[in-house]
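Structural features, examined
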Amino acid sequence: MSNSFELCVGPIHPALKEPIKLDFTVEGERVKGVSFSLGQVHRAIEWAATKRNPIQVLYMAERICGICNMCHPMAFSMAVENAANIEVPERAEYIRTINVELERIHSHILWAGVAAHELGFDSVMHYTWRVREKVLDIIEYLNGNRITKGILMVGGVRRDIQEKDYGKVREALDYYKELYAKLEGIMLNDASVRARTKDIGILTKKNALELCAVGPTARASGVKKDVRVDWPYAAYPDLDIKPVLPETAGFKATGDTYTRIIVRLLEIKQSIDLIEQCLDKMKPGPILAEPVLQKLLVQLKNVQGEGVAFQEAPRGELIHYIKMTGQESPYAWKVRAPTYANLPPLVPMLSECEIADIPIIVASIDPCMSCTNRAIITDKGNSVLSMDDLRELSIRKTLAMQKEASK
Amino acid sequence: MNLLTGAIASLLLVPIFVVVGIFLGLLFRGIDRKLGARMQARVGPPVRQPFIDLRKLLMKENMVPRHAIGWVFNSAPVIALVSALLLLLYLPLFGFAPLLEGYGDLILIMYLLMVPAIALAIGGFSSGSTYASVGAQRELVLMMSYEFALAVVTVTIAFIVSLANPLLNAFSLATLAALPVWELAGPIGAIGLVLLLLALMLVMPAELGRIPGDIAEAKTEIADGVLVEYSGRNLALFNLAQDVRTIAFAALVVAFFFPYNIAPHFITLEGSAGMIANAAFFLIKLFIVVFAGSIFVHVAVARFRVDQAAKTYWGPVLGIALVGMALAIFGAMMVI
């Protein structure tokens, strides 16, 4: 008699913050087979973009993800700027950089709380989410909003960081510097956290390379990969930055869940350092390439061509592609979120793990499904359509349209 | 004739015990949630929240899944609650002797402690859900892990009592209440008893299904596991059973290690005033045990994996219990 049975986690499950369907074949408590399917939170946001002008799309890009609400519009405007050959003023680049790094701090602290919750360690979750308030407060102080900031604009930013506010930012950074040791103590030295994360969900360097893992997930496996260093954008070329690898802090890059915690914690430290560098190096200047909105819209309307932007979001490499054809709205917009690249590495991580480890392993890539879902298959029975099927469908549609027209 | 009137009087007291047991269980759960929340810097629900939850659950529809075995599914929560309430009748509460003294002993209590866990597992298996089956398997594995350490503690306590007084029934709870083990074990034995107490407190979270021993429910892993298909009245009964079990287990710890009464030994109160003082003192002891064994632990650690739980209870916890046993018995023999 075979002891194996099917266990389905998701689309709705307490371990998942957003819907994804994971199917497991389980023997006892051990996972023998894994597969996953996506498409539960498809919102047709790319299609909606082709009905709006680029400035309107900017605000939609902000709402792709609740956490990466700076990375997405920034990558989008970088793609548009790339297509339209708009040069962003230096000060705007610095302000963008400060904001994405603040976002990284808030994202990683939030993640630490989620991970602790998956382990059943709710005290840590409440603690980390409480200390996260400080970064949200400073984001609100600088931008007027805590979550969706709405300060980006194609060709710059809409709000400057005043000289008098630097002190306030530094104060918040000092708060986190002091707190860092405590966070490290909780997440790295606590015996029960370590027992639940060490040697769990291992992604080898080979697997990480072959399956194209990105961001902290790849770096924890020892892959030296960071868009901010490899293809510097915004103010990063001016800053002193190195990819955070576990080795830099004296840990071995084993690629387990514990190393992923280490990398994220170190990145909090790195972000603090980067923001301080930005504050030191920022020079006064304009913050918008084209302050008059109408002129900018006309300029964008005449753009013909493609633009691509790469960005290091808190979860990894984010890619935005845009095609403009001289119309008011973009012809095409494509978003490749980091989670999309990090999902295939989940398969080797989850194989041979225990049921109890599924939540923390899935959480360890910091999945963001609303970022990822770009397509949906509604026709469940025949989900794979061949060329002939597609042709047949289009002929049928044409005939129906002709019939409609002849009436 | 006298025996008969005594039995009838006991029977009349049973409903009072049931009501008091349920009330205490819910009250302690409320205090647990409030204190836990305060320790996590949250506001937390009001202390009466478990009462509100109970009322709400009892009003809700009682769903039975299509694939469940109906009668097993429905009877498991009743068995769990009845056995948890039965436990109370055999334990010394509020400084009084057990209600059913003479009708059952420590061995029966050990079995009754097991019954709610088994009922939970059976309910899980019968509900026809994969999550519940996984949870039920975990519950059984967990039970097998901690039960031996629990048995070691129990037998040692009884053995020490019987060493000192071979003529008494050492497994009787009344005897334990009358003869505090600390006075029988001597100085070396006291170290052993501390270890036994530690082992018992470590068993407590697993026995009561609280973090780190809540692996059978494990909300984020298997979506409340054994309880996943339970709703309405059945869920209310299971929750009540857990709450009453908390009181019963804490009362057992008190009976083993802290059977002392405050009156008339420490303060000179006679009659009913003394009884009230003893009852209040009992509640304080009970609270300290619940706080140390459950409330404090569940905010301080992460959840075990089932293999880690098995290793911990068969390894360190059992080790502590066995060393405690050896020391305690050695100490007690020295005294004689």
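Not measured: the values here are computed from a predicted model.

**Thoughts on the overall build of chain B**
Of the regular secondary structure elements, chain B holds eleven helices and zero strands. Each helix (α) and strand (β) of chain B, taken in turn from the N terminus, gives the series α-α-α-α-α-α-α-α-α-α-α. Taken over the C-alpha atoms alone, chain B extends approximately 60 × 45 × 45 Å along its principal axes. Looking at chain B as a whole, 54% of its 336 residues are labelled buried. Across chain B, the fraction of contacts at a sequence separation of at least 24, relative to all contacts at a separation of at least 6, is 79%. Accessible surface for chain B amounts to roughly 14300 Å². Of this, 74% is attributable to carbon and sulfur atoms. Across chain B, the mean location of the 19 positive side-chain charges is 11 Å away from that of the 17 negative side-chain charges.

**Concerning the interface of chain B and chain A**
Contacts between the two partners involve 24 residues from chain B and, on the opposite side, 29 residues from chain A. Surface buried jointly by chain B and chain A totals about 2200 Å² across both partners, of which 54% is contributed by carbon and sulfur atoms. At the junction of chain B and chain A, the tally comes to zero salt bridges. Here chain B and chain A share four residue pairs in polar contact (both at pLDDT 80 or more) between them. Ranked by residues supplied to the side of chain B that touches chain A, first place goes to helix 5 (residues 130-164) of chain B with five residues. The residue inventory of the side of chain B that touches chain A, partitioned by class, reads twelve nonpolar, five polar and seven charged.

**Thoughts on the sheet that holds strand 3 (residues 30-37) of chain A**
Residues and elements named next belong to chain A. Pairing is antiparallel across the open sheet formed by three strands, whose spatial order is 1-2-3. Across the chains shown, the open sheet's two edge strands, defined by having one partner strand only, are strand 1 (4-9) and strand 3. Taking each pair of neighbouring strands and ignoring which way they run, the sheet shows an average axis angle of 20°.

**Remarks on the packing of helix 5 of chain B against helix 9 (residues 232-257) of chain B**
Residues and elements named next belong to chain B. Following both chains from N to C, one finds helix 5 and helix 9 inclined at 35°, their axes separated by 10 Å at the closest point. In this structure, helix 5 meets helix 9 at a crossing whose hand is left-handed. Where helix 5 approaches helix 9, its residues Tyr146, Leu150, Val153, Thr154 and Ile157 are matched on the opposing element by Arg245, Phe249, Phe256 and Phe257. Taken together, the residues of the contact of helix 5 with helix 9 sort by class into seven nonpolar, one polar and one charged.

**Quick word on the pairing of strand 7 (residues 316-325) of chain A**
All names here are of chain A. The buried count for strand 7 comes to seven of ten residues, which makes it a mostly enclosed element. Two elements, strand 6 (residues 304-313) and strand 7, share ten bridges in a ladder whose sense is antiparallel. Residue pairing across strands places Val308 opposite Tyr321, the latter belonging to strand 7. The turn joining strand 6 and strand 7, which pair antiparallel and follow one another in sequence, is formed by two residues. Bridging between strand 7 and strand 8 (residues 332-336) involves five bridges; their strand directions are antiparallel. Each residue of the ladder has a partner; that of His320, found in strand 8, is Val335.

**Description of the side chain of Asp243 of chain B**
Residues and elements named next belong to chain B. In this structure, Asp243 sits in helix 9. A relative accessible area of 5% places Asp243 in the buried class. Apart from the residues lying within four places of it in its own chain, the contact partners of Asp243 are Gly25, Leu26 and Arg29.

**A short note on the domain arrangement of chain A**
Residue and element names in this part refer to chain A. Structurally, chain A comprises domain 1 (4-39 + 377-406) and domain 2 (45-372). Taken together, the 18 residues of domain 1 in the interface contact 22 residues of domain 2. Interface area, domain 1 with domain 2, both sides summed: about 1700 Å², of which 67% is carbon and sulfur. In this assembly, domain 1 and domain 2 are joined by two salt bridges. Here domain 1 is connected to domain 2 by five residue pairs in polar contact (both at pLDDT 80 or more). Elements that contribute at least two residues to the side of domain 1 that touches domain 2 include exactly strand 2 (21-27) and strand 3. The leading source of residues in the side of domain 1 that touches domain 2 is strand 3, at five residues. Of the residues belonging to the side of domain 1 that touches domain 2, the class tally is twelve nonpolar, one polar and five charged.

**Digging into the nonpolar core**
Residue and element names in this part refer to chain A. Counting residues in hydrophobic clusters, the biggest one holds 131 residues, and the most contacted among them are Phe24, Leu300, Trp333 and Leu350. By residue number, the principal contributor to this core is helix 4 (residues 90-118), which donates 13 residues. Taken together, domain 1 (4-39 + 377-406) and domain 2 (45-372) each give at least three residues to this core, which thus spans both. With residues near it in sequence (within four places) discarded, Leu300 still touches Pro54, Ile55, Val80, Ala84, Ile86, Val154 and Met324.

**Some remarks on the environment of Ile147 of chain A**
Residue and element names in this part refer to chain A. Considering the arrangement of structural elements, one finds Ile147 in the loop between helix 5 (122-143) and strand 4 (152-153). In this structure Ile147 comes out as partly exposed when scored by relative accessible area, which is 31%. Along the primary structure Ile147 and Leu136 are separated by eleven residues, whereas in three dimensions their C-alpha atoms are 7.6 Å apart. Residues contacting Ile147, with those up to four places away along its chain left out, are Gly66, Asn69, Arg132 and Leu136.

**Considerations on the sheet that holds strand 6 of chain A**
Residue and element names in this part refer to chain A. Read from one edge to the other, the open sheet built from three strands follows the order 6-7-8, with strand pairing classed as antiparallel. Strand pairing shows two members of the sheet lacking a second neighbour, strand 6 and strand 8, which therefore form its edges. Strand-to-strand twist across the sheet, computed as the mean angle between neighbouring axes with direction ignored, equals 10°.

**Concerning the packing of aromatic side chains**
Aromatic rings in a pair are described by how distant their centres are and how their planes are angled relative to each other. All names here are of chain A. Going through the model one piece at a time under the given rule, you end up with twelve aromatic pairs over all chains. Seen from their ring centres, Phe76 and Trp333 are 5.3 Å apart, and the 75° between their planes marks the pair as edge-to-face. With Phe76 in helix 3 (residues 71-84) and Trp333 in strand 8, this pair connects stretches of sequence that are 257 residues apart. The class for Trp333 is buried, based on a relative accessible area of 5%. Note on Trp231 and Phe310: the rings are 5.7 Å apart at their centroids and 20° apart in plane angle, and the pair reads as stacked. In this pair, Trp231 sits in the loop between helix 10 (227-230) and helix 11 (257-281) while Phe310 sits in strand 6, placing the two residues 79 residues apart along the sequence.

Rules and cut-offs
Throughout, a residue's number is its position along its own chain's written sequence, starting from 1. Whichever chain is written first becomes A and whichever ligand is written first becomes 1, with later ones labelled in order. pLDDT decides what is reported in this predicted model: residues at 70 or higher carry local features, side-chain atom pairs at 80 or more are listed and counted, and totals for whole chains, interfaces and linings draw on all residues regardless. Note: side-chain values were computed over all heavy atoms of the structure, leaving out hydrogens and water. Counting from the N terminus, the helices are the DSSP runs of H or I reaching at least four residues and the strands are the DSSP runs of E reaching at least two. Here's how the labels work: a residue is buried when its accessible area is under 20% of the maximum for its type, exposed when over 50%, partly exposed in between, all with a 1.4 Å probe on protein chains only. Pairs of residues are marked as contacts when any of their non-hydrogen atoms sit within 4.5 Å. Computed by Shrake-Rupley with a 1.4 Å probe, the accessible areas treat only the displayed protein chains as cover when residues are assessed. In this tally, Lys and Arg are treated as positive and Asp and Glu as negative; His is ignored, and so are the chain termini. Lysine's charge is taken at NZ, arginine's at CZ, aspartate's at CG and glutamate's at CD. A simple way to read buried area is as the amount of 1.4 Å-probe accessible surface that goes missing from two parts once joined, with both sides added. Whenever Lys or Arg places a side-chain nitrogen within 4 Å of a carboxyl oxygen from Asp or Glu, that contact is recorded as a salt bridge. Here a polar contact is recorded for every N or O atom pair within 3.5 Å, except that within protein the pair must consist of a potential hydrogen donor and a potential acceptor, and residues adjacent in sequence are included only if both atoms are side-chain atoms. Only Asp, Glu, Lys and Arg are considered charged, only Ala, Val, Leu, Ile, Met, Phe, Trp, Tyr, Cys and Pro nonpolar, and every remaining residue, Gly among them, polar. At least two bridges found by DSSP between two strands are what make those strands a pair. Axes here mean lines fitted to C-alpha atoms, for a helix over just the part in contact, with angles spanning 0 to 180 degrees between N-to-C directions. Each crossing is labelled by how the near helix is turned from the far one, with a counterclockwise turn of less than a right angle marking it left-handed and a clockwise turn marking it right-handed. Domain start and stop positions are those given by an automatic or database domain assignment. In plain words, nonpolar cores are sets of buried Ala, Val, Leu, Ile, Met, Phe, Trp, Tyr and Cys residues tied together by side-chain atoms within 4.5 Å. Within 6.5 Å between ring centres, the rings of Phe, Tyr and Trp (the latter by its six-membered ring) count as paired, and their orientation is classed by plane angle as stacked under 30 degrees, edge-to-face over 60, tilted in between.

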